[in-house]
Amino acid sequence: MRLMNRFVYRHFTRKWNKFYTPTATLPTHTVDCPECGLRTEIPKLRQGQEASCPRCHHHLVRIEPEPYPIVLACAMGALILIGFVYSLPFITVHMTGMFTQLTLPKMLYELLLADWGFLGLTMFALTFGAPVIFLLLSIYVYSGLLREKRQPYLLTAMRMITRLRQWIMVDVFFISMLVANIKIQAVASISFGYAFWLMPFLAILLLRTSVGMPTHWMYYQVHKYHNNQTLFQAADDTICCTRCLYFRPRSETACGVCDSELFDRRPHSLKISFQLLLAAMILYLPANFLPIMISQNPMEQGISTIMSGIVYMWNDGDKFIAAIIFSASIAVPTLKIVSMLVLLFSARFRLLLPIEKLSVQYRLTEAVGRWSMIDIFVIIIMMTTFHTNIARVTPGPAAIYFCLVVILTMLSAYFFDVRLLWDKAQFEKHNDK
């Protein structure tokens, strides 16, 4: 009996230490910075420690202070919240003696019923599909690591997690609802349901789950349980993957750690990035000049473009909301296109700014692109809110063009290899000597 008690005590202690002792480490190894290409020696890291590039200060490697319990708790909490958000009432619209109670699934159904399946699927994928899959996979991966047991498809699940992160836009949808609220109050009164008030907490938990999963450390842990070698020495016959930051043999076409494309510099990076940007620039014209929203009631019909809607709200006294929509729908896409043109020109011909400023510019360009979706979400909310015989809002053709502009600019930034800027800087510095 005493032996059994001792065994239970040791088993419990080992599991307890899994949470609270610095066992989640990374050994000493070498990485190439994915932004400037500088080869950096990473010392042994323990829980709560991180390392950044000494030249461009880009974040390289990090380990959470409590890597297992925080992510699991946030992921489970977010999964529970998303069930409430998608089942409880979201908003109730009161207008001329009638009211409409909407849930998020009903909003999606209204879009599909009105033959706007593209917008409906966009809303579903970014606010429900991607978050749910991300959370389920996160729980699956972390529960496997915590139990120290091999689970089927653990590596596949980890690879999907890293690709889903940037397509989760619950926070963008919530801000869009606040913007749409100003427009709705001009013709109706609304009251927010429980789902609306739970959504910001869901967004915070999703963000905390994503931040708590550092890619480099996670891949090391997953491959360790599969007995796969991840740490290759930096040499002429190896390449450092830009996604997971592990050196892999040049014989691999796809990284054996994260399954991303393996290259010294992305092949045809400038050409692909420019072609995507050119397509976005072409579509940006109809996105701004064609109607983006058509509103109807028994007395009149209103057709508005992005700019006319901004001007109307500014003249109507809603200057703060007009400024938000102008920033998200006009300023951000325009500045992102101009920024990408500057980056492409600098990488191809000559640097227009100091390399440090261009590096920061690229980070900002890549980070703000998703917030351009605010205007699309506002249209979706307005359309599903006013879908009665008395008042009706339908998206104009510009809605599809604008959505494509956002996606294309995000892809243009994704395919741009920022290390080409640092190569150009080194080349110009060498020629100046």
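None of these values were measured; they are calculated from a predicted model. (Residues numbered from 1 in each chain as written. Predicted model: local features only at pLDDT ≥ 70, side-chain atom pairs only at ≥ 80, totals over all residues. Heavy atoms only, no water.)

Caption draft 1: The arrangement of the side chain of Thr-230 in detail. Mapping Thr-230 onto the fold places it in the loop between helix H8 (215-225) and strand E8 (238-240). Among all residues touching Thr-230, those that are not within four sequence positions of it are Tyr-220, His-223, Tyr-246, Phe-247, Arg-248 and Val-257. (Helix = DSSP H or I, 4+ residues; strand = E, 2+ residues; numbered from the N terminus. Contact = heavy atoms within 4.5 Å.)

Caption draft 2: Summary view of the packing of helix H5 (residues 154-164) against H8. Viewed as axis vectors pointing N to C, H5 and H8 meet at an angle of 170 degrees, and their least axial separation amounts to 10 Å. Between H5 and H8, the interaxial angle falls into the category roughly antiparallel. Residues Leu-154, Leu-155, Met-158, Arg-159, Thr-162 and Arg-163 of H5 form the contact with H8, whose participating residues are Thr-215, Met-218, Tyr-219, Val-222 and His-223. A per-class count over the contact of H5 with H8 returns six nonpolar, three polar and two charged. (Axes fitted to C-alpha atoms, helices over the stretch in contact; angles between N-to-C directions. Parallel < 35°, antiparallel > 145°, perpendicular 65-115°, else oblique. Nonpolar A, V, L, I, M, F, W, Y, C, P; charged D, E, K, R; others polar.)

Caption draft 3: Geometry of the UniProt feature "transmembrane region" (unreviewed entry) in the chain. Under the present numbering, the feature "transmembrane region" (unreviewed entry) in UniProt falls on residues 70-96, 116-143, 164-182, 188-207, 274-294, 320-347, 368-386 and 398-416. Taken end to end, residues 164-182 is 74% helix and 0% strand, and its first and last C-alpha atoms sit 31 Å apart. Counted over residues 398-416, helix gives 95% and strand 0%. Its end C-alpha atoms are 27 Å apart. (UniProt positions renumbered as here; feature names shortened; annotations may be inferred.)

Caption draft 4: Helix H2 (residues 69-85), seen in detail. In this model H2 runs 24 Å from its N-terminal to its C-terminal C-alpha over 17 residues, within 8% of the 24 Å that 1.5 Å per residue would give. Among all positions in H2, only Pro-69, Val-71, Leu-72, Cys-74, Ala-75, Ala-78, Leu-81, Ile-82 and Val-85 are buried. (Expected span 1.5 Å × (residues − 1). Buried < 20%, exposed > 50% of the residue type's maximum accessible area, 1.4 Å probe, protein only.)

Caption draft 5: The arrangement of helix H3 (residues 104-113) in detail. Listed in full, the buried residues belonging to H3 are Leu-104, Met-107, Leu-108, Glu-110 and Leu-111. Mapping the buried residues of H3 onto a view down its axis gives an arc of 155 degrees, with all of them on the same face. Along H3, exposed side chains directed more than 90 degrees from the buried face belong to Tyr-109 and Leu-113. (Arc of directions from axis to C-beta.)

Caption draft 6: Highlighting the environment of Trp-116. Mapping Trp-116 onto the fold places it in the loop between H3 and helix H4 (117-147). With 264 residues separating them along the chain, Trp-116 and Ile-380 place their C-alpha atoms 9.6 Å apart.

Caption draft 7: How the structure looks around the packing of aromatic side chains. Taken as a whole and assessed by the stated rule, the structure comprises 14 aromatic pairs. Judged by centre distance (5.8 Å) and plane angle (65 degrees), the rings of Tyr-68 and Trp-217 are edge-to-face. With Tyr-68 in the loop between strand E4 (59-62) and H2 and Trp-217 in helix H8, this pair connects stretches of sequence that are 149 residues apart. Residue Tyr-68 is classed as buried on the basis of its relative accessible area, which comes to 1%. Residue classification places Trp-217 among the buried residues on the basis of a relative accessible area of 0%. Ring geometry for Tyr-86 versus Phe-128: centroids 4.5 Å apart, planes at 50 degrees, classification tilted. Taken together, the residues span a long stretch of sequence, with Tyr-86 in the loop between H2 and strand E5 (91-95) and Phe-128 in helix H4 at a distance of 42 residues. The class of Phe-128 is partly exposed, set by a relative accessible area of 24%. Linked through ring pairs, Phe-90, Phe-173, Phe-174, Phe-192, Phe-196, Trp-197 and Phe-377 together constitute an aromatic cluster. Looking at Arg-348, its charged tip hangs above the ring of Phe-349, at a distance of 5.2 Å from the centre. (Phe/Tyr/Trp six-rings, centres within 6.5 Å; stacked < 30°, edge-to-face > 60°. Lys NZ or Arg CZ within 6 Å of the ring centre and 35° of its normal.)

Caption draft 8: Quick look at the pattern of salt bridges. This model, assessed by the stated rule, comprises nine salt bridges. Its salt-bridge partner being Asp-264, residue Arg-250 comes within 2.9 Å of it at the nearest N-O pair. Here the residue Arg-250 occupies a position in the loop between strand E9 (247-249) and helix H9 (269-289), and Asp-264 occupies one in the loop between E9 and H9, the gap between them amounting to 14 residues. Relative accessible area serves as the criterion here: at 41%, Arg-250 is assigned to the partly exposed category. Two residues, Arg-419 and Asp-417, come together in a salt bridge whose shortest N-O distance is 3.0 Å. Each of the two residues, Arg-419 as well as Asp-417, counts as buried. Residues joined by salt bridges that share partners form a network here, namely Arg-62, Glu-64 and Arg-208. (Salt bridge = Lys/Arg side-chain N within 4 Å of Asp/Glu carboxyl O.)

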